[in-house]
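Single-letter residue listing:
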Amino acid sequence: MKTAMTRRGQARMVLAMLGVMWTALPCATASAQRDRDGDPERARRLGGVPREVALEVTAVWNDPATRRVRGDFALAPTDTVRGDLAVLGGRARLAGVVTGQVVVLNGDAALVDGARIERSLTVIGGAFDSPERPNVGGEIRVWSAAYRYHEVGDTLVADLDFFSRWSSWMRDDERSSGRTRSDLLVTTAHTYNRVEGLPIYVGPRVRARSGDTRVRAEVFGIFRTGDALTWKRENLGHRVLFEVRQGNSAGVAIGGRLFDEVDAVEKWQLTDSEVGLNAFLFTRDYRDYWQRHGGQGYVSLFAGRGSELKASYGEERWSSRRARNVLSIVNDKVPWRVNPLAEDGVMKLLTVSATFDTRNSPKDPRAGWYLRGEYEHGDGTLAGVNTLLPTAPAPASDAAYSRALLDLRRYNRLGPNGSLNMRAVLGGWIDGDPLPAQRRFSVSGIDALPGFDFRRQLSDTDVGTCATGDEQAYAALGRPALCDRMALLQIEWKGDFRVNLFGDDDDLGDRRWVFGRVKADGAWVVFANSGRGWLVGPRDSDNLFYPKGGVADIKSWRTDLGGGFDFGNFGVYVAQAVSESGLSPNVYMRLSRRF
């Protein structure tokens, strides 16, 4: 009875905190609207951006006659824009004449003496600065709440429906980071999981900007709800960050951070929101975790949208985390998967990462390249676990290793409504001692090979996880990722489709799951995936070990085929393993693109 009461109390407390954070999700702050004569004394307060306004500004941007600008824009006193002007993600400084209306999305607008806008001015996700009586022929509307959207081809789609808003709320709103502000933040840290429950960040955050120089400072304490809301060391952590960034579209950033956080193994698979929802709703956690406590400094060079070269160096202490009996909604009586042991010790880490992004849209890419690469060198002392069967700690010893991870994607638009997309993920040990248990790899689950169950051992030598021996013994260890190296290839064909059961009034472009009139625009998808993991060593008869310079035989790779429907921030798919016989097809859902 005591246990039942504890879990009910825990459920009420966690759901209450979720409710508090739900109401604290990004919403509109104070914003003002002036009437036609621009009199600031006649301003009135506005709440969140109305649906009709979001649709209106989206239509302005998507109009072929509109002059569209991404980033900062300056209009000289002698210049004239004939027609409408729309600026996205930058500051608009207007000193000349615009004969139409002006829309500024996720940026600030400034009018100087002599500027004239013959129609209206709308600013969403920014501030407005002007002379006392700006020369604007129509109304002036300003919302500080961010304009939330995604891109389909060359057009914008306002995020108005439930699934779009959910996806926006689950990620940081980087578009609002350019404004100077300070606040006391209460938010969740990364994702709900079986070793922390709901981790909560509490602390001050300051973001300041002067010209092209931006400063960010954060001091957060971390409280982990775990399986009991108690104030003890296991439930406490911290994160402190300070960064100076010089440059707008390109520049340099220098920073440092101190941390006592829980980190995840194999974060390249699935998104935080998908992992957290599966854990909270269905008692399924598709990641493993370990503790990191230390500090690091870093420097990065950035250019354009999403392209960056970053180097960091730091020292941190690693330790294991245990799985706890945290709350879940469905299958609450089913025990959680054991969290595999991590190797404990102190490591000095040098990490170099690079990101290169030429996609036309990071949310719904139809064309371009995406490259994410990372090299890590660790040097220190570890009390390891047996890398093949991590059942007991080993004596502490010196350890030095190097590993790398590469994620390369190509998006090809082959027609107005079709695209062919390809992805290759390569990762693994490069040199030195064997990889620590928490830095190893596997190829399984709905993100990599959805036709195969998550880390299910199919034989005595499993090429998806590199597990050997008895499957029950492997399950008792928590089904850890054990591979030195892995490779994964994915390909998909996507084509658009539209469903509109009740006519098409106010058609302002592609819409994903608009519940009001049951519109369900999306894409159909067919795909194939193939990959496996392996260990580095002398070649063996079980095809599990390959030499340092070798790659696993392609005929031993696991392969699946599948298809489904992608509605932008929600997808339903079915996948069937074809390289193994006797396996049933898997039906699954995603809250993001496949890749």
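Procedures and definitions
Residues numbered from 1 in each chain as written. Predicted model: local features only at pLDDT ≥ 70, side-chain atom pairs only at ≥ 80, totals over all residues. Heavy atoms only, no water. Helix = DSSP H or I, 4+ residues; strand = E, 2+ residues; numbered from the N terminus. Buried < 20%, exposed > 50% of the residue type's maximum accessible area, 1.4 Å probe, protein only. Contact = heavy atoms within 4.5 Å. Areas by Shrake-Rupley, 256 points an atom, 1.4 Å probe, with all protein chains shown as cover. Pairing = 2+ DSSP bridges. 1 Å grid on protein atoms, 1.4 Å probe; cavity = no way out; pocket = protein on both sides within 12 Å on 5 of 7 lines; lining within 4 Å. Points joined across faces, edges and corners; volume = space filled by probe spheres on them. Nonpolar A, V, L, I, M, F, W, Y, C, P; charged D, E, K, R; others polar. Salt bridge = Lys/Arg side-chain N within 4 Å of Asp/Glu carboxyl O. Disulfide = S-S within 2.5 Å. Expected span 1.5 Å × (residues − 1). Polar contact = N/O pair within 3.5 Å; in protein donor to acceptor, adjacent residues only side chain to side chain. Phe/Tyr/Trp six-rings, centres within 6.5 Å; stacked < 30°, edge-to-face > 60°. Lys NZ or Arg CZ within 6 Å of the ring centre and 35° of its normal.

## So, the overall build of the protein chain
Summing up its helical and strand segments, the protein chain has 5 helices and 33 strands in all. When each of the 595 residues of the protein chain is scored for burial, the buried share is 50%. Long-range contacts, defined here as pairs at least 24 residues apart, represent 57% of the contacts in the protein chain between residues at least 6 apart. Just so you have it, the protein chain exposes about 26,700 Å², and 58% of that area is on carbon and sulfur atoms.

## So, the sheet that holds strand β7 (residues 92-94)
Spatially, the 4 strands line up as an open sheet ordered β4-β7-β10-β13, and their pairing is parallel. Only two strands of the sheet have a single neighbouring strand rather than two, namely β4 (73-75) and β13 (128-129). Bridge count for β7 against strand β10 (residues 109-111) is 3 bridges, and the pairing is parallel. Its bridge partner lying in β10, Arg93 is registered against Ala110.

## So, the layout of surface pockets
What the second largest pocket holds in volume is close to 860 Å³. Lining the second largest pocket are 33 residues, and of these Asn278, Phe282, Arg284, Tyr286 and Ile446 lie nearest its centre. Put simply, the parts of the chain that give the lining of the second largest pocket at least two residues each are α3 (162-169), α4 (272-282) and β33 (586-590). Across the lining of the second largest pocket, the residue classes tally to 21 nonpolar, 4 polar and 8 charged.

## Here's the deal with the pairing of strand β32 (residues 571-577)
Of the two faces of β32, the one lined by Gly571, Tyr573, Ala575 and Ala577 is fully buried and the one lined by Val572, Val574 and Gln576 carries no buried residue. Where strand β31 (residues 558-566) and β32 come together, 7 bridges link them in antiparallel fashion. Residue pairing in the sheet places Gly562 in a bridge with Ala575 of β32. Counting the residues that bridge the hairpin from β31 to β32 gives 4 residues, and of these Gly568 lies at a positive phi of roughly 90 degrees. Where β32 and β33 come together, 5 bridges link them in antiparallel fashion. Residue pairing for β33: Val574 is matched across the bridge by Val587.

## Focus on the pattern of salt bridges
Oppositely charged side chains are able to pair whenever their charged atoms sit close together. Evaluated as defined, the whole model comprises 41 salt bridges. For Arg439, the salt bridge is made with Glu376, and the minimal N-O distance between the two is 2.8 Å. Separated by 63 residues along the polypeptide, Arg439 in the loop between β27 (418-432) and α5 (471-476) and Glu376 in strand β25 (residues 368-385) bring together distant segments of the chain. Among the charged side chains, a salt-bridge network with shared partners connects Arg194, Glu266, Asp285, Asp288, Arg337 and Arg455.

## Focus: the pairing of strand β29 (residues 522-536)
Of all the 15 residues making up β29, 11 are buried; the element is thus mostly covered by neighbouring parts of the structure. Across 13 bridges, the pairing between strand β28 (residues 485-497) and β29 is antiparallel. For Ala487, the partnering residue across the bridge sits in β29 and is Arg532. Taken together, the 2 bridges between β29 and strand β30 (residues 545-546) define a ladder with parallel strand orientation. Bridge pairing in β30 links Leu535 to Phe545.

## A look at the state of the cysteines
Per the stated rule, a full pass over the model turns up 1 disulfide. At a sulfur-sulfur separation of 2.2 Å, the disulfide partner of Cys466 is Cys483. With the S-S bond torsion at 105 degrees, the cross-link from Cys466 to Cys483 turns out right-handed. On the criterion of sequence distance, the pair formed by Cys466 in the loop between β27 and α5 and Cys483 in the loop between α5 and β28 is long-range, its members being 17 residues apart.

## Digging into α4
Turning to α4, its buried residues number three or more, namely Ser273, Glu274, Val275, Gly276, Asn278, Ala279 and Phe280. Positive backbone phi, approximately 60 degrees, marks Thr283, located one or two places after α4.

## With respect to helix α2 (residues 51-62)
Over its 12 residues, α2 runs 16 Å from end to end, which matches the ideal 16 Å to within 8%, given 1.5 Å per residue. Within the sequence span of α2, burial applies to Val53, Ala54, Leu55, Val57, Thr58, Val60, Trp61 and Asn62. Of the surrounding secondary structure, the elements contacted by the buried residues of α2 are β3 (67-70), β6 (85-88), β9 (102-105), β12 (121-124), β14 (140-143) and β16 (155-158).

## Overview of the side chain of Asp407
With respect to the helices, strands and loops of the structure, Asp407 is situated in strand β26 (residues 393-415). Relative accessible area serves as the criterion here: at 9%, Asp407 is assigned to the buried category. Of the polar contacts made by the side chain of Asp407, one reaches the side chain of Arg409; its length is 2.9 Å. For Asp407, the residues in contact, after removing those within four places along its chain, are Tyr370, Leu371, Arg372, Arg423, Ala424 and Val425.

## Overview of the packing of aromatic side chains
Under the counting rule described, the total for this entry stands at 11 aromatic pairs. With 6.2 Å between their ring centres and 70 degrees between their planes, Phe527 and Tyr573 make a pair best called edge-to-face. Here Tyr573 lies in strand β32 and Phe527 lies in strand β29, a separation of 46 residues in the sequence. Phe527 gets classed as buried once you look at its relative accessible area, which sits at 4%. Aromatic pair Phe567 and Phe570: ring centres 6.4 Å apart, planes at 15 degrees, arrangement stacked. Both residues of the pair, Phe567 and Phe570, count as buried. Among the aromatic residues, ring-to-ring pairing joins Phe527, Tyr573 and Tyr588 into one connected group. A cation sits over an aromatic face here: Lys310 above Tyr298, 4.4 Å from the ring centre. The ring of Phe527 carries Arg594 above its face, with NZ or CZ at 4.0 Å from the centroid.

## What to know about unusual backbone geometry
Phi is positive for Asn106, which is not a glycine, with a value near 55 degrees. If you trace the backbone, Asn106 turns up in the loop between β9 and β10. The class of Asn106 is buried, set by a relative accessible area of 5%. For Leu270, which is not a glycine, the phi torsion comes out positive at approximately 60 degrees.

## Observations concerning the sheet that holds strand β8 (residues 97-98)
Read from one edge of the open sheet, 3 strands run β5-β8-β11, paired in parallel fashion. Each of the sheet's edge strands pairs with one partner strand only, and the pair in question is β5 (80-81) and β11 (116-117). By the bridge criterion, 2 bridges tie β5 to β8 in an arrangement that is parallel. By the bridge assignment for β8, Val81 is matched with Val98.

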